[in-house]
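# Secondary and tertiary structure notes
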Amino acid sequence: MLLEVRNLTIRFGSTTVVDDVSFDVDAGERLGIIGESGSGKTLTSLAVIGLLPDVANISGSIKFNGQELTDLKDRELSSIRGKHIGMVFQEPLTALNPLMRVGKQIAQPLRNHQGMSLKEGMKRAIALCERVGLPDPDRIVRSFPHQLSGGQRQRIGLAIALACSPALLIADEPTTALDVTVQKEVLKLMNDLVSQEGSALIFVSHDLPVVSSMTERVAVMQHGNIVELASVDALFANATNDYSKMLIRTAQLSDDSFARFTTGSAQ
Amino acid sequence: MTVILEAVKLSRSFRLPRTGFGKERAMRLALVDVDLQVNQGARLGIVGESGSGKTTLARLLLGLDTPTAGFVKFRNEPLVGQDMYQFRRDVQVVFQDPRSSLNPRMSVENIIREPLECLNVPGDQTARIDEVLTAVGLSLDLRHRFAHELSGGQRQRVAIARALAPHPKVLIADEPVSALDVLVRDEILGLLAGLTDNLGLTLILISHDLSVIARLCEDVVVMQNGVIAERGKTADVFQFPQHEFTKKLIAAVPRLPSNS
Ligand SMILES: Nc1ncnc2c1ncn2[C@@H]1O[C@H](COP(=O)(O)OP(=O)(O)OP(=O)(O)O)[C@@H](O)[C@H]1O
Ligand SMILES: Nc1ncnc2c1ncn2[C@@H]1O[C@H](COP(=O)(O)OP(=O)(O)OP(=O)(O)O)[C@@H](O)[C@H]1O
Ligand SMILES: [Mg+2]
Ligand SMILES: [Mg+2]
């Protein structure tokens, strides 16, 4: 098993925000996480790459390739992070260094983990920008984050996460700032890369159509718990938990009403 | 129909970084000659290509950035030279990236109180804070939290609550529901619809989610490459798109497997 999460519990003071969560991700497997805003999706992801805030209290076990991550020191964790586990963060602007040109930021994990020179790293950075569908990559790599649009920044985040071809890619709402045509390309690219490299994927999103196209199994979270974990087909055909049912029903209604809208059959 | 906010031949270009020593610094035309009239009480949707100038247009309409050419009119007068204090009371914004737009050193309560105080909004501030927090579906327990102690969707809702607190006449919202689950999203859309229907709020909604625009906005403009590629009634544009890009956009909307 690539990733084994057991009884993960995260507390801030007396508030429990992730409550006894367990799940597995096998090599090459794709797990979706959907659910309520504030239910613990991001904190669960951050726990896996060891980036929870210091004030968080964590218990339970997270094993990656059999190695317990919750015991590791910062330095040991950072050698795993970026190299074996890549993450696309929910809010791209906060994950980027505002004072560093984005090309250097993409090249950084390559230089740290693969010992590339700056020049080689920059060449790879331009190639990665091209792969994530950024127009004019020569200029993009020389831009600072504030000089880019929301969707351009989001693709920089994806390029950084993909730079070292990680065994596990965690993508937290990776396409919210992209128009649907670019989203389609980026999802295809993620799909291809994950298949080619045999990487595993954890895909966190509120966009149920996207999650269902990208993953095989889906965990539904509410109030810090995984209330249901099932295959995509089973979940959409007959969810058993009341919250999952309501979530899926609402997504289906919205999907239907848009279809009616574009065909002019709206009431 | 009274036009409340207007863009007149609005353009904005940015100097781009050099691509090498001695090379010319090229300009990026982020927005080119955009004309747009927003009627009072309307709900206007802006969709378009990533990087097409939507956020740039929003910042210009808000007077937060200076156009390279053209100008913005508010209530039929050029924005430049107007009483910005009154303008800020009337026109509020929800930014695309909530985390970086919320003051990290302030509690949720103070983030929402700030515009009430700065803009001298009459009435009981604490009651108004509770009211808007409840309206966006946030527990009042969150009032003492800092922005970094919230989830992405909770931050987005704090940004909406802050913008609505001073009872604005116009709300410009840049991807305000992109971090919300569909149940909460529907509540927020209902809230915004109610405010325009009942209180005459004018809404300019920027979103990549075409179903959100279809549900909420009667009119839509489609942007590509710094210009408005197509505009019209949302029902017409989404049903009979004329421009190639609009067609591509509608065709690329992801569908549920069980439904398609
Ligand atoms: N530093 C903190 N102190 C206290 N509570 C926190 C802190 N950080 C997050 N929380 C709480 O933990 C819960 C889970 O947050 P998380 O960011 O994991 O939610 P999420 O499922 O990713 O939500 P969203 O879909 O809105 O992004 C939220 O209710 C949030 O308010
Ligand atoms: N300060 C700046 N300096 C240089 N270029 C900029 C600056 N701000 C924006 N741009 C460029 O202007 C163009 C339009 O950006 P804008 O943020 O308005 O796009 P957008 O339509 O909001 O895109 P998205 O949907 O991705 O958020 C982009 O190509 C962007 O790189
Ligand atoms: Mg989150
Ligand atoms: Mg934008």
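Residues numbered from 1 in each chain as written. Chains lettered and ligands numbered in written order. Predicted model: local features only at pLDDT ≥ 70, side-chain atom pairs only at ≥ 80, totals over all residues. Heavy atoms only, no water.

## Description of the overall build of chain A
- When its secondary structure is counted, chain A shows eleven helices and ten strands.
- Compactness check: chain A gives a C-alpha radius of gyration of 19 Å against a globular reference of 18 Å for 267 residues, within 12% of the reference.
- Each principal axis of the C-alpha atoms in chain A carries an extent, and together these give about 55 × 50 × 35 Å.
- The buried share of chain A, taken over its 267 residues, is 55%.
- Across chain A, every contact between residues at least 6 apart in sequence was considered, and the portion connecting residues at least 24 apart equals 63%.
- In chain A, the 26 positive side-chain charges and the 30 negative ones have mean positions that sit 8 Å from each other. (Helix = DSSP H or I, 4+ residues; strand = E, 2+ residues; numbered from the N terminus. Rg over C-alpha atoms; globule rule 2.2 N^0.38 Å. Buried < 20%, exposed > 50% of the residue type's maximum accessible area, 1.4 Å probe, protein only. Contact = heavy atoms within 4.5 Å. Lys, Arg positive; Asp, Glu negative; His and termini not counted. Charge placed at Lys NZ, Arg CZ, Asp CG, Glu CD.)

## Considerations on the site of ligand 1
- Taken together, 20 residues lie around ligand 1, and Ser37(A), Gly38(A), Thr42(A), Ser151(B) and Gln154(B) are the ones closest in.
- Here Lys41(A) contributes a side-chain N or O atom positioned 2.8 Å from an oxygen atom of ligand 1.
- In the environment of ligand 1, an oxygen atom lies 2.6 Å from a nitrogen or oxygen atom belonging to the side chain of Gln154(B).
- Here ligand 1 has 650 Å² of accessible area as a free molecule, and 93% of this is covered by the chains.
- When residues of the shell around ligand 1 are traced back to their parent elements, those giving at least two are α1 (41-48) of chain A together with α6 (152-164) of chain B. (Near = heavy atom within 4 Å. Polar contact = N/O pair within 3.5 Å; in protein donor to acceptor, adjacent residues only side chain to side chain. Areas by Shrake-Rupley, 256 points an atom, 1.4 Å probe, with all protein chains shown as cover.)

## Some words on the pairing of strand β10 (residues 227-233) of chain B
Residue and element names in this part refer to chain B.
- Two strands pair when backbone bridges link them, and strand β9 (residues 219-224) and β10 are joined in this way by six bridges, in the antiparallel orientation. Counterpart to Val-221 in the pairing with β10 is Arg-231.
- Where β9 folds back onto β10 in an antiparallel hairpin, the turn is made up of two residues, including Asn-225, whose phi is positive at roughly 55°. (Pairing = 2+ DSSP bridges.)

## Overview of the nonpolar core
All names here are of chain B.
- With 57 residues, the main nonpolar core has Ile-112, Leu-171, Ile-188, Leu-205, Leu-210, Leu-216 and Phe-238 as its most contacted residues.
- It is helix α7 (residues 182-199) that provides the largest number of residues to this core, a total of seven residues.
- Residues contacting Ile-188, with those up to four places away along its chain left out, are Val-136, Arg-157, Ile-160, Val-177 and Leu-180. (Core = buried A, V, L, I, M, F, W, Y, C linked by side-chain atoms within 4.5 Å.)

## With respect to the coordination of the magnesium ion (ligand 4)
Residue and element names in this part refer to chain B.
- The protein atoms donating to the magnesium ion (ligand 4) are Thr-55 (OG1) and Gln-96 (OE1), with metal-donor distances spanning 2.0 to 2.3 Å. Taken together, the residues Thr-55 in helix α1 (residues 54-61) and Gln-96 in the loop between β6 (91-94) and α3 (98-101) connect sequence positions 41 residues apart.
- According to the relative accessible area criterion, Gln-96 is buried, its value standing at 18%. (Donors = N, O, S within 2.8 Å, 3.2 Å for Na, K, Ca; no water.)

## Quick notes on the coordination of the magnesium ion (ligand 3)
All names here are of chain A.
- The protein atoms that coordinate the magnesium ion (ligand 3) are Thr-42 (OG1) and Gln-90 (OE1), at distances spanning 2.0 to 2.2 Å. Taken as a pair, Thr-42 in helix α1 and Gln-90 in the loop between β6 (85-88) and α3 (92-95) lie far apart in primary sequence, 48 residues in all.
- By relative accessible area, which is 25% here, Thr-42 ends up partly exposed.
- A relative accessible area of 13% means that Gln-90 is categorised as buried.

## Let's talk about the packing of aromatic side chains
- A full pass over the atoms with the stated rule returns three aromatic pairs over all chains.
- Seen in terms of ring centroids, Phe258(A) and Phe238(B) are 6.2 Å apart; in terms of plane orientation they differ by 70°. Their pairing is edge-to-face. Residue Phe258(A) is found in helix α11 (residues 242-263), and its partner Phe238(B) is found in helix α9 (residues 234-239); the two belong to separate chains. As far as the burial class goes, Phe258(A) and Phe238(B) line up, both buried.
- Both rings, one in Phe74(B) and one in Phe87(B), keep their centres 5.0 Å apart while their planes meet at 85°; by these two values the pair is edge-to-face. Of the two residues, Phe74(B) sits in strand β4 (residues 69-74) while Phe87(B) sits in helix α2 (residues 84-90), which places them 13 residues apart along the sequence.
- Through a chain of ring-to-ring contacts, the aromatic side chains of Phe258(A), Phe261(A) and Phe238(B) assemble into a single cluster. (Phe/Tyr/Trp six-rings, centres within 6.5 Å; stacked < 30°, edge-to-face > 60°.)

## Quick look at the sheet that holds strand β5 (residues 77-78) of chain B
Residues and elements named next belong to chain B.
- Across the sheet, which stays open at both edges, the four strands sit in the order β2-β1-β4-β5 with antiparallel pairing between neighbours. One side of each edge strand has no neighbouring strand; the edge strands of this open sheet are β2 (27-39) and β5.
- Here strand β1 (residues 3-15) pairs with β2 via nine bridges, running antiparallel. Residue pairing across strands places Phe-14 opposite Arg-28, the latter belonging to β2.
- Along the sheet, α1 makes contact with β1, β2 and β4, crossing β1 at roughly 120°. (Axes fitted to C-alpha atoms, helices over the stretch in contact; angles between N-to-C directions.)

## Side note on the domain arrangement of chain A
All names here are of chain A.
- Considered domain by domain, chain A is made up of domain 1 (1-84 + 179-267) and domain 2 (93-163).
- Every contact between the two is made by eleven residues of domain 1 and, on the other side, six residues of domain 2.
- Where domain 1 touches domain 2, the interface holds zero salt bridges.
- Taken together, the links from domain 1 to domain 2 amount to one residue pair in polar contact (both at pLDDT 80 or more).
- Elements that contribute at least two residues to the side of domain 1 that touches domain 2 include exactly α2 (74-80) and α8 (180-197).
- For the side of domain 1 that touches domain 2, the element with the most residues is α8, which contributes six residues.
- Among the residues forming the side of domain 1 that touches domain 2, the class breakdown is five nonpolar, four polar and two charged. (Domains from an automatic or database assignment. Salt bridge = Lys/Arg side-chain N within 4 Å of Asp/Glu carboxyl O. Nonpolar A, V, L, I, M, F, W, Y, C, P; charged D, E, K, R; others polar.)

## A few points about the site of ligand 2
- The local shell around ligand 2 holds 21 residues, among which Ser149(A), Gly151(A), Ser50(B), Gly51(B) and Thr56(B) are the closest.
- Taken together, the residues near ligand 2 originate from chains A and B.
- Contacts to ligand 2 include Lys54(B), whose side-chain N or O atom sits 2.8 Å from an oxygen atom.
- Alone, ligand 2 offers 640 Å² of accessible surface; in the complex the protein occludes 91% of this.
- For the shell around ligand 2, the secondary-structure elements that each account for two or more residues are α7 (150-162) of chain A together with β2 and α1 of chain B.
- In the shell around ligand 2, the residues fall into four nonpolar, 14 polar and three charged.

## Concerning the pattern of salt bridges
All names here are of chain B.
- Inspection of every chain in the model, using the stated rule, returns 23 salt bridges over all chains.
- Put simply, Asp-65 and Arg-12 hold a salt bridge, and the shortest N to O gap is 2.9 Å. Of this pair, Asp-65 sits in the loop between α1 and β4 while Arg-12 sits in strand β1, and the two are 53 residues apart along the sequence. This pair shows no difference in class: Asp-65 is buried, exactly as Arg-12 is.

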